[in-house]
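Chain by chain, the residues run as shown.
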Amino acid sequence: MGMRRGILFVLSAPSGAGKTTLSREAVERIAGLEASVSATTRAPRRGETNGVDYHFVTDEEFRRSMENNELVETARVFDAWYGTPRAPLERALLEGRDVLLDIDVNGARAIAQLYGSDVVRVFVIPPSFADLEARLRKRGTEEEAAVTRRLKQAREEYSAYPEYDYLIINSDQEVAVEKLRAVVEAERLKVSRLKQGFTPWT
Ligand code: 5GP
């Protein structure tokens, strides 16, 4: 069962800050860090895999999960529903495994309220608003109207960073992953996370 509880690392960022790539890289390269796979009603984008990037579900399936209390938090982002499945999180906490959640600001608030000191919140921003705009347009997966909407949303989301524990300015993907690794490793060493009754020397 391990000597400590698991940690929930919540990563939020204005859309286009490179958060999706960062969280993918982090899960791949930081040993023992797993991704929480959200449920969503939005359509898969090019290159996304069901069960890996998201559980892509219908409105009806989403509603049923919500009613059965299988989601710890849900959010309406743009025109779709998103939700974090409860069971995998709680199992990870008990088993001392660490999970990375790529969720929006409201989701981060809900998770922090529910799981208290088991949660570490990390906010990622691009170096400037102009950079964010360039990245969003370069992605080219969306219509102009959607880009404009995401930019507006990004401005609003950005203002939430003071609620977070850590801020990573993402100008270089490699460096950003290493910064996130430093956060993960330091949080894992906290004495306050050791299980009650645990003694390092027996
Ligand atoms: P996208 O559609 O670009 O993958 O995600 C849109 C936004 O929804 C992002 O800010 C992402 O972090 C957020 N999101 C994804 N899954 C969840 C979730 O389960 N809960 C919440 N609250 N937000 C989520």
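The rules behind each value
- Residues numbered from 1 in each chain as written.
- Predicted model: local features only at pLDDT ≥ 70, side-chain atom pairs only at ≥ 80, totals over all residues.
- Heavy atoms only, no water.
- Patch = residues over 30% accessible without salt bridge, like charges linked within 9 Å, V, L, I, M, F, W, Y side chains within 5 Å.
- Areas by Shrake-Rupley, 256 points an atom, 1.4 Å probe, with all protein chains shown as cover.
- Salt bridge = Lys/Arg side-chain N within 4 Å of Asp/Glu carboxyl O.
- Helix = DSSP H or I, 4+ residues; strand = E, 2+ residues; numbered from the N terminus.
- Buried < 20%, exposed > 50% of the residue type's maximum accessible area, 1.4 Å probe, protein only.
- Pairing = 2+ DSSP bridges.
- Axes fitted to C-alpha atoms, helices over the stretch in contact; angles between N-to-C directions.
- Parallel < 35°, antiparallel > 145°, perpendicular 65-115°, else oblique.
- Left-handed = near helix turned anticlockwise from the far one by under 90°.
- Contact = heavy atoms within 4.5 Å.
- Nonpolar A, V, L, I, M, F, W, Y, C, P; charged D, E, K, R; others polar.
- Phe/Tyr/Trp six-rings, centres within 6.5 Å; stacked < 30°, edge-to-face > 60°.
- Lys NZ or Arg CZ within 6 Å of the ring centre and 35° of its normal.

Novice: How should a nonpolar patch on the surface be read in this particular structure?
Specialist: The grouping of Tyr158, Tyr161, Leu167 and Ile169 at the surface amounts to a nonpolar patch, some 360 Å² of accessible area in total. Examined against the element boundaries, tyrosine 161 turns out to sit in the loop between helix H6 (144–158) and strand E9 (166–169).

Novice: In this structure, what is going on with the pairing of strand E1 (residues 8–12)? I would like to understand it.
Specialist: Each regular strand shows side chains that alternate between the opposite faces of the sheet. Within E1, 5 of the 5 residues are buried, which leaves the element mostly enclosed by the surrounding structure. A two-sided burial pattern is seen for E1, the buried positions comprising Leu8, Val10 and Ser12 on one face and Phe9 and Leu11 on the other. Note that E1 and strand E7 (residues 98–102) share 4 bridges and pair parallel. What sits directly across from valine 10, in E7, is leucine 101.

Novice: What am I meant to see in the packing of helix H1 (residues 19–29) against helix H7 (residues 173–188) here?
Specialist: When two helices pack together, their arrangement is given by the angle between the helix axes and by the axis-to-axis distance. Close contact between H1 and H7 brings their axes to 10 Å; oriented N to C, the two are set at 55°. In terms of orientation, H1 and H7 fall into the oblique class. Between H1 and H7 lies a crossing of right-handed hand. Facing H1, whose interface residues are Thr21, Leu22, Glu25, Ala26 and Arg29, H7 presents Gln173, Glu174, Ala176, Val177, Glu178, Leu180 and Arg181. Looking at the contact of H1 with H7, its residues break down into 5 nonpolar, 2 polar and 5 charged.

Novice: I would appreciate a short explanation of the packing of aromatic side chains in the present structure.
Specialist: Scanning all chains against the criterion turns up 5 aromatic pairs. Where tyrosine 158 meets tyrosine 161, the ring centres are 5.6 Å apart and the plane angle is 40°; that geometry is what we call tilted. Taking the relative accessible area as the measure of exposure, tyrosine 158 reaches 40% and is therefore partly exposed. What makes tyrosine 161 partly exposed here is its relative accessible area of 34%. An aromatic cluster of at least three residues, connected via ring pairs, comprises Tyr54, Phe56 and Tyr82. Here the guanidinium or amino end of arginine 121 rests over the ring plane of tyrosine 164, the centre of that ring lying 5.8 Å away.

Novice: I keep staring at the sheet that holds E7 and nothing clicks. Help me out?
Specialist: By way of backbone hydrogen bonds, the strands of a sheet pair with one another, either parallel or antiparallel. Taken in spatial order, the 5 strands line up as E2-E7-E1-E8-E9 in an open sheet, and their pairing is parallel. Lying at the two open borders of the sheet, with one neighbouring strand each, are strand E2 (33–35) and E9. Taking the axes of each pair of neighbouring strands and ignoring which way they run, one obtains an average angle of 25° across the sheet. Where strand E8 (residues 119–125) and E9 come together, 4 bridges link them in parallel fashion. The partner of valine 124 across the bridge, within E9, is isoleucine 168. Sitting on the sheet, H1 touches E1, E2, E7 and E8, and the angle it makes with E7 is about 165°. Strands in contact with helix H4 (residues 105–115) are E1, E7 and E8; relative to E8, the strand with the most contacts, it is inclined by about 165°.

Novice: Looking at this model, I keep getting lost on the sheet that holds strand E6 (residues 80–85). Mind explaining?
Specialist: Overall, mixed pairing links the 4 strands, which are arranged E4-E3-E6-E5 in an open sheet. Only two strands of the sheet have a single neighbouring strand rather than two, namely strand E4 (55–56) and strand E5 (71–77). One ladder, built from 2 bridges, connects strand E3 (residues 39–40) with E4; its direction is parallel. Bridging from a neighbouring strand, threonine 40 pairs with phenylalanine 56 of E4. Contacts between helix H2 (residues 59–67) and the sheet are confined to E3, E5 and E6, with E5 contributing the most and set at about 140° to the helix. The sheet contacts of helix H3 (residues 86–95) involve E5 and E6, and relative to E6 the element is tilted by about 30°.

These figures come from the coordinates and say nothing about function on their own.
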